[in-house]
Amino acid sequence: MALNPKDLEEILGQYPAKVKRNRKKHILIRDSARGRQEIEANTRTIPGIITNRGCAFAGCKGVVLGPLKDVVHIVHGPIGCAYYSWLTRRNKAKAADPKKNFLAYCVSTDLQESDIVFGGEKKLARLIDEVVEIFQPNAITISATCPVGLIGDDIQMVAKKAQEKHGISIIAFSCEGYRGVSQSAGHHIANNGLMEHVIGLGDREEPPHEYTVNILGEYNIGGDSWEVHRILHEIGYHVQAVMTGDGSFVDLKDAHVARLNLVQCHRSINYIADMLEKKYGTPWLKVNFIGIRATCESLRHMALYFGDEKLMRRTEQVIARELARIEPLLEPYRKICQGKTAFCFVGGSRGHHYQGLYEELGIKTVLAGYEFAHRDDYEGRDVLPEIKPDADSKNIPDLHVLPDERRYRLKIPRERMEELKGKIPLSYYKGMNADMADGSIIVDDLNHYETEEFIRLLRPDIFSSGIKDKYIPHKMGIPSKQLHNYDYSGPYAGFNGAVNFARDVAMSFVIPAWNYVVPPWRQGPLLEGVVEEAK
Ligand code: SF4
């Protein structure tokens, strides 16, 4: 069922006038006849509205830094931030040396009242000493939480001194939770830190292999990046670094040698993608390994970029083999899913990525949106010059890089680059809106009130979002699929991932429990009969 502007007006009509004016700008009914429709995004959340958003610390440590396995990540703050982000994102990792995989640990300065009063720098320095002694990691990151900025702890100085003392990279990230308006600020802060202090630190001058690529913005949730790795490896690519799922400090140091950067999650990593292009001359390609069509298209675009006949042939061989293998597996699930509808509200990239996969199963997305995306993720990168920084974005520093005098190299000739830009999304992302059907709803920073109202109006067959809103649709008798943690399943990327996803989604439709949501006495009379008059 499509939503008409009157229904939308009714939903917004419940808000006070000021809130209504604000929320109206964050909701669109897709109408392709109107071309690029502007949406407001990446602005401050309305207090008390029950947003799904998190903070800059979550975006920095939780998303971008946390998956680096050979690094100990120190959370500088009271214990809550470290505890609640401890092993809750399913960024998996395997290390050749198990002693160099620290992802299972939760390391925090656990600030107390006296530290807030007298400062926590000494405690942080002592913790770094302990971490080096116990774990001997390849590097250490320090992530600031809310009080750290307020009490004025100079974590950059502590990190610098500790680095000199211990001789390993110790990098501080000022990602206090109140910076910016969402996780997005933390991504930017993490990108800046990794670019400034890690990438390029390695000694490699040349790529180890002809087809060396980096995968950017892939966090190996439920094993996604391993599946992507498998496919790329079979075609003949060499993956230098993954940022950052199953990634390591050691690999990241040499990320500058890759000949192409693949960008999966545009929102969280586009800063590094841009900076790598400016500093080392490495173009980036927007890829999507979620969904069969999108995976095949991404692989073909990669082959076209390298322009090698043998590579193109091998790409087609792998695609043909994989399709022949998975198509029969998908068939029964497609039958169950056909004709259904979905909500697809996820962080900053999956709201777009999963729509293709849903479509391949016969499921139409009727509402999609993002918690913390920016306008370019909705409308495409063409809008970048139009986006004006506001007070909240101005306090996230932009890192300006210059071409590296020694290492800057054009990976492909300029003319070829221009020619390819007309064929493949090279250093470009078109955004989510362009792929949405007319009449579908696009919502930025969806809140709990709107979630319930849109569910009531649109009655989707499946609701895909996160843990905080998972059980709202359940109580309304609608299945849900978490697209942050995959409900502890996965991988969902690549060819094998598509089968796993189809199985999980189909299963959620046929669970017998849905038949018992409405008690029998609400569905019809329990007893039927006639009262006969006594004779
Ligand atoms: S908002 Fe502040 S206190 Fe809350 S998790 Fe983020 S850093 Fe920690």
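Throughout what follows, the structure given in this document is the object of discussion. (Residues numbered from 1 in each chain as written. Predicted model: local features only at pLDDT ≥ 70, side-chain atom pairs only at ≥ 80, totals over all residues. Heavy atoms only, no water.)

Further remarks concern the overall build of the protein chain. A tally of regular secondary structure across the protein chain gives 22 helices and 14 strands. Across its three principal axes, the protein chain shows a C-alpha extent of roughly 105 × 65 × 45 Å. Evaluated residue by residue, the protein chain yields a buried proportion of 56% over its 535 residues. (Helix = DSSP H or I, 4+ residues; strand = E, 2+ residues; numbered from the N terminus. Buried < 20%, exposed > 50% of the residue type's maximum accessible area, 1.4 Å probe, protein only.)

Once that is clear, we can look at the packing of aromatic side chains. The tally for this structure, following the rule as stated, stands at 16 aromatic pairs. Between Tyr-237 and Phe-306 the ring centres are 5.9 Å apart and the planes differ by 50 degrees, which places this aromatic pair in the tilted class. Pair noted here: Tyr-237 is in the loop between helix 10 (224-235) and strand 7 (238-244) and Phe-306 is in helix 13 (residues 292-306), with a separation of 69 residues, a long-range link. One exposure class covers both Tyr-237 and Phe-306, and it is buried. These aromatic residues form a ring-pair network of at least three members: Tyr-354, Tyr-358, Tyr-486, Tyr-492 and Phe-501. Looking at Lys-94, its charged tip hangs above the ring of Trp-226, at a distance of 4.2 Å from the centre. Between the NZ or CZ atom of Lys-286 and the centre of the ring of Tyr-429, over which it lies, the distance is 5.2 Å. (Phe/Tyr/Trp six-rings, centres within 6.5 Å; stacked < 30°, edge-to-face > 60°. Lys NZ or Arg CZ within 6 Å of the ring centre and 35° of its normal.)

Turning our eyes to something else, we now look at the site of the ligand. Taken together, Cys-55, Phe-57, Cys-81, Thr-145, Cys-146 and Gly-177 make up the full set of residues near the ligand. Per-class residue counts for the shell around the ligand are 4 nonpolar, 2 polar and no charged. (Near = heavy atom within 4 Å. Nonpolar A, V, L, I, M, F, W, Y, C, P; charged D, E, K, R; others polar.)

What follows deals with the pattern of salt bridges. Once their charged atoms are close, side chains differing in charge can pair, the charge on each being opposite to the other. Taken as a whole and assessed by the stated rule, the structure comprises 39 salt bridges. Across the salt bridge formed by Glu-205 and Arg-406, the nearest N and O atoms sit 2.8 Å from each other. Placement of the pair is Glu-205 in the loop between helix 9 (183-197) and strand 6 (212-218) and Arg-406 in the loop between helix 17 (391-394) and helix 18 (414-421), with a sequence separation of 201 residues. What makes Arg-406 exposed here is its relative accessible area of 55%. Between Glu-227 and Arg-230 there is a salt bridge, and its shortest N-O distance comes to 2.8 Å. Note that Glu-227 and Arg-230 are positioned in helix 10 at a spacing of 3 residues, about one turn of the helix. Taking the relative accessible area as the measure of exposure, Glu-227 reaches 5% and is therefore buried. The partly exposed category is assigned to Arg-230, whose relative accessible area is 23%. Here the residues in one salt-bridge network are Glu-227, Arg-230, Glu-234, Arg-321, Glu-322 and Arg-325, joined through shared partners. (Salt bridge = Lys/Arg side-chain N within 4 Å of Asp/Glu carboxyl O.)

A word on the nonpolar core. The biggest cluster of nonpolar side chains holds 107 residues, and the ones touching the most others in it are Leu-232 and Tyr-237. Among the elements that line this core, the one with the most residues is helix 21 (residues 494-510), at 8 residues. By size, the runner-up hydrophobic cluster in this structure holds 24 residues, among which are Leu-12, Ile-27, Ile-49 and Ile-441. (Core = buried A, V, L, I, M, F, W, Y, C linked by side-chain atoms within 4.5 Å.)

Take the environment of Cys-60 next. Relative to the helices and strands, Cys-60 resides in helix 3 (residues 56-65). Expressed as a C-alpha distance, the spacing of Cys-60 and Ala-190, which sit 130 residues apart in the sequence, is 5.1 Å. Apart from residues no more than four positions distant in its own chain, Cys-60 is found in contact with Leu-65, Gly-66, Phe-173, Cys-175, Gly-186, His-187, Ile-189 and Ala-190. (Contact = heavy atoms within 4.5 Å.)

So, on to a nonpolar patch on the surface. On the surface, Ile-79, Tyr-83, Tyr-84, Trp-86 and Leu-87 cluster together to form a nonpolar patch covering roughly 590 Å² of accessible area. Mapped onto the elements, Ile-79 comes out in helix 4 (residues 79-84). (Patch = residues over 30% accessible without salt bridge, like charges linked within 9 Å, V, L, I, M, F, W, Y side chains within 5 Å. Areas by Shrake-Rupley, 256 points an atom, 1.4 Å probe, with all protein chains shown as cover.)

Of the consecutive residues Met-243 and Thr-244, the connecting peptide bond is found in the cis state with omega at 0 degrees. Within the secondary structure layout, Thr-244 lies in strand 7. The step from Gly-490 to Pro-491 runs through a cis peptide bond, and the omega angle for that step is -5 degrees. By the element assignment, Pro-491 lies in the loop between strand 14 (480-482) and helix 21. The backbone phi angle of Asp-246 is positive, close to 60 degrees, even though this residue is not glycine.

Compared with the 16 Å implied by 1.5 Å per residue over 12 residues, the 16 Å span of helix 8 (residues 155-166) between its first and last C-alpha is a close match. All of the buried residues in helix 8 are Ile-155, Val-158, Ala-159 and Ala-162. Here the buried residues of helix 8 occupy an arc of 95 degrees about the axis, which is enough to place them on one side. Structural note: helix 8 exposes Lys-160, Lys-161 and Glu-164 on the side pointing more than 90 degrees away from its buried face. Gly-167 sits one or two positions beyond helix 8 and adopts a positive phi of about 75 degrees. (Expected span 1.5 Å × (residues − 1). Arc of directions from axis to C-beta.)

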